[in-house]
Amino acid sequence: MMGDVVASALATAREWTLLNIGSLLPLGLIAAALLWLGLRQPGGRAANQSR
């Protein structure tokens, strides 16, 4: 009885983690792309550090 509860809880946690990763990954990629573009621009942080 207890093993069934633990197994179902683990399966639920695994599905929840996969759903979270699946929803956060696109947001992380967009944020990384925006940050990369911001650093590449002439007025960005990288240009200010090189002066």
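An account of the accompanying structure is given in this report.

## Regarding the overall build of the protein chain
Right, so step 1: Helix and strand counts for the protein chain stand at 2 helices and 0 strands.
Right, so step 2: The 51 residues of the protein chain split such that 4% are buried.
Right, so step 3: When the accessible surface of the protein chain is split by element, carbon and sulfur atoms take 71% of a total near 4700 Å².

## Let's talk about the packing of aromatic side chains
Right, so step 1: Considering all chains together, one arrives at 0 aromatic pairs under this definition.
Right, so step 2: One residue, Arg 40, lies across the ring of Trp 36, its end atom 4.8 Å from the ring centre.

## Concerning helix α1 (residues 2–40)
Right, so step 1: Here α1 contains 39 residues, and its C-alpha end-to-end distance of 56 Å stays within 8% of the 57 Å for a straight helix at 1.5 Å per residue.
Right, so step 2: Along α1, the helix axis deviates most sharply at Leu 24, where the bend reaches about 25°; the proline Pro 26 sits within four residues downstream.

## Quick word on a nonpolar patch on the surface
Right, so step 1: A cluster of nonpolar side chains, contributed by Met 2, Val 5, Val 6 and Leu 10, occupies part of the molecular surface with about 400 Å² of accessible area.
Right, so step 2: By secondary structure assignment, the location of Val 6 is in helix α1.
Right, so step 3: Overall, Val 6 belongs to the partly exposed group, its relative accessible area being 41%.

Conventions used here
- Residues numbered from 1 in each chain as written.
- Predicted model: local features only at pLDDT ≥ 70, side-chain atom pairs only at ≥ 80, totals over all residues.
- Heavy atoms only, no water.
- Helix = DSSP H or I, 4+ residues; strand = E, 2+ residues; numbered from the N terminus.
- Buried < 20%, exposed > 50% of the residue type's maximum accessible area, 1.4 Å probe, protein only.
- Areas by Shrake-Rupley, 256 points an atom, 1.4 Å probe, with all protein chains shown as cover.
- Phe/Tyr/Trp six-rings, centres within 6.5 Å; stacked < 30°, edge-to-face > 60°.
- Lys NZ or Arg CZ within 6 Å of the ring centre and 35° of its normal.
- Expected span 1.5 Å × (residues − 1).
- Bend = angle between axes of the 7 residues up to and from the residue.
- Patch = residues over 30% accessible without salt bridge, like charges linked within 9 Å, V, L, I, M, F, W, Y side chains within 5 Å.
- Salt bridge = Lys/Arg side-chain N within 4 Å of Asp/Glu carboxyl O.

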